[in-house]
Amino acid sequence: MHSKTLTLISHHLCPYVQRASIVLSEKGVAFERRYIDLSAKPDWFLRISPLGKVPLLAVPRGRSDAILFESAVICEYLEETQGGVPLHPADPLLRARHRGWMEFGSSTLADLWGYETTTDEALFEVRRQALAAKFTTLEQELDDGPYFAGSQFSMVDAVFAPVFRYFELFEALFDSGIFDGLVRVNAWRQALAVRPSVMEAVTDDYQDRLMAFLCRHDAHLLARSRLAA
Ligand SMILES: N[C@@H](CCC(=O)N[C@@H](CS)C(=O)NCC(=O)O)C(=O)O
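Remember, it's a predicted structure, so these values are computed and weren't measured experimentally.

Glancing now at the site of the ligand. All residues in the neighbourhood of the ligand are listed as Cys14, Pro15, Tyr16, Leu38, Lys41, Gly52, Lys53, Val54, Pro55, Glu70 and Ser71. Contact between the ligand and lysine 41: an oxygen atom at 2.6 Å from a side-chain N or O atom of the residue. Here an oxygen atom of the ligand sits 2.7 Å away from a polar atom, N or O, in the side chain of serine 71. Burial of the ligand by the protein chains amounts to 71% of its free accessible area of 510 Å².

With that settled, consider the packing of helix α5 (residues 121-141) against helix α7 (residues 183-193). At a closest axis distance of 8 Å, the pairing of α5 and α7 adopts a crossing angle of 90°. Regarding the angle of α5 to α7, the classification is roughly perpendicular. Contacts between α5 and α7 involve Phe135, Leu138 and Glu139 on the former and, on the latter, Val183, Arg184, Val185 and Trp188. Tallied by class, the residues present in the contact of α5 with α7 amount to five nonpolar, no polar and two charged.

Below, the discussion takes up the domain arrangement of the protein. Each domain of the protein was delimited in the assignment, giving domain 1 (6-81) and domain 2 (92-228). Computed from C-alpha atoms alone, the centre-to-centre distance between domain 1 and domain 2 is 22 Å. Contacts between the two partners involve 16 residues from domain 1, matched on the other side by 24 residues from domain 2. For the pair domain 1 and domain 2, the summed buried surface comes to about 1,800 Å²; carbon and sulfur atoms form 60% of the total. Between domain 1 and domain 2 we count two salt bridges in total. Linking domain 1 with domain 2 are six residue pairs in polar contact (both at pLDDT 80 or more). For the side of domain 1 that touches domain 2, the secondary structure elements donating two or more residues are α1 (15-26), β2 (32-35) and α3 (71-81).

The subject of this paragraph is the pattern of salt bridges. In a structure, side chains of opposite charge can pair up when their charged atoms sit close to one another. With the rule as written, the count across this model stands at eight salt bridges. A salt bridge links lysine 134 to aspartate 111; the nearest nitrogen and oxygen atoms lie 2.6 Å apart. Of this pair, lysine 134 sits in helix α5 while aspartate 111 sits in helix α4 (residues 92-117), placing them 23 residues apart in sequence. The buried category is assigned to lysine 134, whose relative accessible area is 14%. Relative accessible area serves as the criterion here: at 10%, aspartate 111 is assigned to the buried category.

With that out of the way, let us pick up the side chain of serine 3. Here serine 3 lies in the segment before β1 (7-10). On the basis of relative accessibility, which here comes to 12%, the residue serine 3 falls in the buried class. Of the polar contacts made by the side chain of serine 3, one reaches the side chain of threonine 7; its length is 3.4 Å. In this structure the side chain of serine 3 is engaged in a polar contact, spanning 2.5 Å, whose partner is the side chain of aspartate 65. Other than its neighbours up to four places away in sequence, serine 3 contacts Ala58, Pro60 and Asp65.

What counts and what doesn't
- Residues numbered from 1 in each chain as written.
- Predicted model: local features only at pLDDT ≥ 70, side-chain atom pairs only at ≥ 80, totals over all residues.
- Heavy atoms only, no water.
- Near = heavy atom within 4 Å.
- Polar contact = N/O pair within 3.5 Å; in protein donor to acceptor, adjacent residues only side chain to side chain.
- Areas by Shrake-Rupley, 256 points an atom, 1.4 Å probe, with all protein chains shown as cover.
- Axes fitted to C-alpha atoms, helices over the stretch in contact; angles between N-to-C directions.
- Helix = DSSP H or I, 4+ residues; strand = E, 2+ residues; numbered from the N terminus.
- Parallel < 35°, antiparallel > 145°, perpendicular 65-115°, else oblique.
- Contact = heavy atoms within 4.5 Å.
- Nonpolar A, V, L, I, M, F, W, Y, C, P; charged D, E, K, R; others polar.
- Domains from an automatic or database assignment.
- Buried area = accessible area lost by both parts, 1.4 Å probe.
- Salt bridge = Lys/Arg side-chain N within 4 Å of Asp/Glu carboxyl O.
- Buried < 20%, exposed > 50% of the residue type's maximum accessible area, 1.4 Å probe, protein only.

Okay, structure coming up:
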């Protein structure tokens, strides 16, 4: 690839892509997007993506771009190289703790994948409980907000905003109880949902695409929503 500006190789539903998009927007960095179909990965993509996954960040450099893979790596690179507001704490100990919570976000996404794709009722319940436990742990970590670390938006917020976005549709379909009584987590969800960088990280048809994804997987979540109707 030979790009003129930073280019984020994307997929419309990918939460890891959204992390990078949010960080780019928060830092006021101009970038382009190139969407790919993960069910029919183009050859040019397979040649440059070591794990065959999005996101990739193509960084203009001489005759051919440097390609970065793995969302956390991309976010850290942007933090180190781009201006704008720092998204990590200056204190090394606090920064290390934030990186731990970013990893906690990835683990939450792994639970979410099972929750949204399984056709099996028992497995769905296991994942529902795992997600409830994750958010209960977060409730204990949060302070007065509105963001993870208080008044300043951080990298941990960029990781959790795409996690919470799933639930804008999922909770409308079926009241899972996952967020019951989690006052701080619920306030955090609301603050993230209206942040411009978060809103701009997906296209307007995001919810339609997510619904189509659930239908393609014949997700148990849809069966629960039919029961609840
Ligand atoms: N650890 C990776 C995870 C990225 C990832 O799982 N991306 C998914 C889409 S959300 C993907 O590209 N999947 C394609 C595949 O596994 O074939 C990161 O943080 O970037």
